[in-house]
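The primary structure of each chain is shown beneath.
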Amino acid sequence: MLKRFAVAAVVAFSMGHAVVASAAPLAVTDSPDEETIVGGRSVDLPTPPVTPIYFTLPMELAIVKDPAITTDTPITDKLTSNYTAWGEAIRACTQQKPIFVRKVGDKEVPFVVGGSAGQIKLNANDKPVCSI
């Protein structure tokens, strides 16, 4: 339950950030063959205000998991002695969004919020990390 709340909070924050950052569609995702969406293969969420009762596509969102990342601190591990580069990498990481996917059965479909994909992934321990 807490994990779903955290994902929902990240989605809400990212969507709020996207509204301020650009006038692009709020979110874009594709529709695989398993889904039936009349009229197209791509789904764009409209710009606010969006009335929730008109949005009927059920979605289960997740953050991309990269099991190859086994450390909880990839930036610190790579930039141990260069403090200036470390600080810039941490600052850049705080400005990034997660890489979202929408789960459709056993498949994962990209879900882009605010016009560009993020860089934050979950590591092998399910901790969000920026990889450099």
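The structure contained in this document is the topic of the report that follows.

Procedures and definitions
- Residues numbered from 1 in each chain as written.
- Predicted model: local features only at pLDDT ≥ 70, side-chain atom pairs only at ≥ 80, totals over all residues.
- Heavy atoms only, no water.
- Helix = DSSP H or I, 4+ residues; strand = E, 2+ residues; numbered from the N terminus.
- Buried < 20%, exposed > 50% of the residue type's maximum accessible area, 1.4 Å probe, protein only.
- Contact = heavy atoms within 4.5 Å.
- Areas by Shrake-Rupley, 256 points an atom, 1.4 Å probe, with all protein chains shown as cover.
- Disulfide = S-S within 2.5 Å.
- Salt bridge = Lys/Arg side-chain N within 4 Å of Asp/Glu carboxyl O.
- Pairing = 2+ DSSP bridges.

### Things to note about the overall build of the protein chain
Helix and strand counts for the protein chain stand at 3 helices and 7 strands. When the helices and strands of the protein chain are placed in sequence order, the string is α-β-β-β-α-α-β-β-β-β. Put simply, the protein chain has 132 residues, and 30% of those count as buried. The long-range fraction of contacts in the protein chain, counting pairs at least 24 apart against all pairs at least 6 apart in sequence, stands at 57%. When the accessible surface of the protein chain is totalled, it reaches about 8,800 Å², and 60% of it is carbon and sulfur.

### Things to note about the side chain of Lys97
Position of Lys97 relative to the elements: it lies in the loop between α3 (83–94) and β4 (100–104). Residue Lys97 is classed as buried on the basis of its relative accessible area, which comes to 12%.

### Focus on the state of the cysteines
By definition, a disulfide links the sulfur atoms of two cysteine residues through a covalent bond. One pass over the full model with this rule turns up 1 disulfide. Here Cys93 engages in a disulfide with Cys130; their sulfurs sit 1.9 Å apart. Taking the sign of the S-S torsion, about 85 degrees here, the bridge from Cys93 to Cys130 comes out right-handed. Within this pair, whereas Cys93 is found in helix α3, its partner Cys130 is found in strand β7 (residues 128–130), the two being separated by 37 residues in sequence. The class for Cys130 is buried, based on a relative accessible area of 6%.

### Brief notes about the pattern of salt bridges
Enumeration according to the criterion identifies 2 salt bridges in this entry. The residue Lys65 makes a salt bridge to Asp126 at a minimum N-O spacing of 3.0 Å. With Lys65 in the loop between β3 (61–63) and α2 (74–78) and Asp126 in the loop between β6 (120–122) and β7, this residue pair connects regions lying 61 residues apart in the sequence. The closest approach of N and O atoms between Asp66 and Lys121, which form a salt bridge, is 3.6 Å. Remark: Lys121 occurs in strand β6 and Asp66 occurs in the loop between β3 and α2; sequence separation between them is 55 residues.

### Quick look at the environment of Ile90
Structurally, Ile90 is set in helix α3. Taking the C-alpha atoms as reference, Ile90 lies 7.4 Å from Ile75; in sequence the two are 15 residues apart.

### A word on the pairing of strand β5 (residues 107–113)
Pairing analysis gives 3 bridges linking strand β1 (residues 27–30) to β5, with the strands arranged antiparallel. In the sheet register, Thr29 faces β5, and the bridge partner there is Phe111. The pairing of β4 with β5 spans 5 bridges and is classified as antiparallel. Counted as the bridge partner of Lys103 is Glu108 from β5. A loop of 2 residues connects β4 with β5, the two strands running antiparallel in sequence, and Gly105 in this loop sits at a positive phi of about 65 degrees.

In short, the description is geometric, and any link to function would need to be established separately.
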